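Each chain, letter by letter, is given below.
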Amino acid sequence: MLNMAEGLARLEELAAHPVVADLSRVFADAGRDLAIVGGPVRDALLGRVTHDFDFTTDARPDEILALVKPVSSVQWDVGRAFGTIGARVRGEQVEITTYRADSYDGVTRKPTVAFGDTLEADLSRRDFTVNAMALRVPARTLVDPTGGVEDLVAGRLRTPIDPAVSFGDDPLRMLRGARFSSQLDFAVDPDTLAAITELRTSLQIVSPERVQAELVRLMQTDDPVRGIRVLVETGLIDEFLPEVPALRLEVDEHHHHKDVYEHSLTVLRQAIALEKQRHPDAAPDVPLRLAALLHDIGKPATRRLEAGGGVTFHHHDIKGARMARKRLQALRFDAATTTVVSRLVELHLRFFGYAEGAWTDAAVRRYVRDAGDELERLHILTRADVTTRNKRKAQRLASAYDDIEARIAALREQEEIDSIRPELDGNRIQEVLGLKPGREVGEAYRFLLDLRLDEGVLGEDEAEKRLREWWAARG
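Residues numbered from 1 in each chain as written. Predicted model: local features only at pLDDT ≥ 70, side-chain atom pairs only at ≥ 80, totals over all residues. Heavy atoms only, no water.

1. Let's talk about the packing of aromatic side chains
Here comes step 1: According to the stated counting rule, one finds 4 aromatic pairs in the structure shown.
Here comes step 2: The interplanar angle of 10 degrees and the centroid separation of 5.0 Å between the aromatic rings of F447 and W470 together place this pair among those described as stacked. Here W470 lies in helix 23 (residues 460-473) and F447 lies in helix 22 (residues 439-455), a separation of 23 residues in the sequence.
Here comes step 3: Members of the aromatic cluster, each reached through a chain of ring pairs, are F447, W470 and W471.
Here comes step 4: Over the ring of F180 we find R179, and its NZ or CZ is 4.5 Å from the ring centre. (Phe/Tyr/Trp six-rings, centres within 6.5 Å; stacked < 30°, edge-to-face > 60°. Helix = DSSP H or I, 4+ residues; strand = E, 2+ residues; numbered from the N terminus. Lys NZ or Arg CZ within 6 Å of the ring centre and 35° of its normal.)

And the structure:
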């Protein structure tokens, strides 16, 4: 809960920061207003760490640039048309933006840029009240025209103006609402939720790249599940990731199965917990988290109701991998992320055969080969995919995965399992069999690779002998 006295003390510390002090001095000397705005003010009041220095001013862009030059090491003006000048002051990146009074046409989310004259009017056009507060410097006066402090105390997300108008101006704000609900652990105001539900289809005017960026920011939070629930409950997620709400499969009285939607959210939370446990200093692993959320999206399309009340989802891993790839491509994710997520979805069931009976060394080698660079992510996803309430079953699966990780470690030490390849390369295969480059060389290589996976290290002489025997048997 927000402690106002402590929050105001942190605002004083923010205002006293050397970067803020330098800028407030030069703007005051020029007779211009300057205020720290948005996230830095919110986070200072909440006691959260912030690395942002966002300012707003009544000065126009050319004047901002002239004022910051003497106190900055570098400046950039790529946002000049929108009133924003960037600079590096005392090694910190800052952005200073002229008061805005934009208008929107409702067709695109690109505003007609207009500069404003007052701080209060600028704040009223921001996305949420908790982001619509400012600290005037050097006066150190908190400016909160829309009740942001009260909403911080209440843990509530609310738009500064009528949410229908705010989201009509910029539909991307609806996605930000879901992200901030997770990031701040705040509830979304009922009127705001209702407006998202009503206006959800307006997200179609937002580019896939912008939607993707907000989805990534949501997945980087400590607990994306709260935001995902907002997206699903309002129907907003149907506009860009409909595979997730489709996981809410109907269950009739005769055919019982686990709630796939709730299971997927639990897997996501468990994957994040394991990710932090195993790699506490690493940045949030977005591909892993996306794979956790999407790992079962192939189930609705593959569900079959069996006689006797059973339900099957045969090959939902393969189907889900294809669906994940297609969706991530539509959201303009980079090729590397798309490949990682779809590969993890495809492989997420592979381990469960091991739990039914110990694998041979050959099976363990193939598991490592198939996972490739994603083995550690696959470890986390597979462990997280155990959500059974049966403690005995959960312990059995955990023990089985402990065993397979130990087997992998032992084989890695013995055989350099991470770089498994045949003892003979393509050139040597051609020499031994008298072949020219072509399909038959590839077939011979795959034979030797399977041999290596099945039997481990053979040595070059034995590999050559077995290759000649294989070739002779082919006639």
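2. A closer look at helix 8 (residues 172-184)
Because an α-helix completes one turn every 3.6 residues, residues spaced three or four positions apart along the sequence face the same direction.
Here comes step 1: Given a rise of 1.5 Å per residue, 13 residues ought to cover 18 Å, and the 18 Å separating the end C-alpha atoms of helix 8 matches this to within 8%.
Here comes step 2: Where burial is concerned, most of helix 8 is hidden: 12 out of the 13 residues are buried.
Here comes step 3: Along helix 8, the residues that are buried comprise L172, R173, M174, L175, R176, G177, A178, R179, F180, S181, S182 and L184.
Here comes step 4: Immediately beyond the C-terminal end of helix 8, within one or two residues, lies D185, with a positive phi of roughly 60 degrees. (Expected span 1.5 Å × (residues − 1). Buried < 20%, exposed > 50% of the residue type's maximum accessible area, 1.4 Å probe, protein only.)

3. Here we look at the side chain of E243
Here comes step 1: Among the secondary structure elements, E243 is positioned in the loop between helix 11 (225-234) and helix 12 (260-278).
Here comes step 2: Filtering out sequence-adjacent residues up to four positions away, E243 remains in contact with I297, M323 and R327. (Contact = heavy atoms within 4.5 Å.)

4. As for the side chain of H348
Here comes step 1: By the secondary structure assignment, H348 is in the loop between helix 16 (335-347) and helix 17 (352-356).
Here comes step 2: Classification of H348 by relative accessible area gives buried; the value is 1%.
Here comes step 3: At a separation of 3.4 Å, a polar atom in the side chain of H348 contacts the side chain of D296.
Here comes step 4: Setting aside residues up to four positions removed in sequence, H348 forms contacts with H295, D296, H316, D317, L378, L381, T382 and D385. (Polar contact = N/O pair within 3.5 Å; in protein donor to acceptor, adjacent residues only side chain to side chain.)

5. Things to note about the sheet that holds strand 6 (residues 134-136)
Here comes step 1: Ordered by their spatial adjacency, 7 strands build an open sheet running 3-4-5-2-1-6-7, and the pairing between neighbours is mixed. Looking at which strands have only one partner, the edges of the open sheet turn out to be strand 3 (74-76) and strand 7 (141-143). Along the sheet, successive strands turn relative to each other by an average axial angle of 30 degrees, direction set aside.
Here comes step 2: Here strand 4 (residues 84-89) pairs with strand 5 (residues 92-98) via 6 bridges, running antiparallel. Opposite V89, over in strand 5, you have E92 as the bridge partner. (Pairing = 2+ DSSP bridges. Axes fitted to C-alpha atoms, helices over the stretch in contact; angles between N-to-C directions.)

6. A closer look at the packing of helix 16 against helix 19 (residues 375-384)
Here comes step 1: Packing of helix 16 against helix 19 brings their axes to within 10 Å, and their N-to-C directions diverge by 50 degrees. In terms of orientation, helix 16 lies oblique with respect to helix 19. The hand of the helix 16/helix 19 crossing is right-handed. Two secondary-structure elements touch here, helix 16 through V340, L344 and L347 and helix 19 through R377, L378 and L381. (Parallel < 35°, antiparallel > 145°, perpendicular 65-115°, else oblique. Left-handed = near helix turned anticlockwise from the far one by under 90°.)

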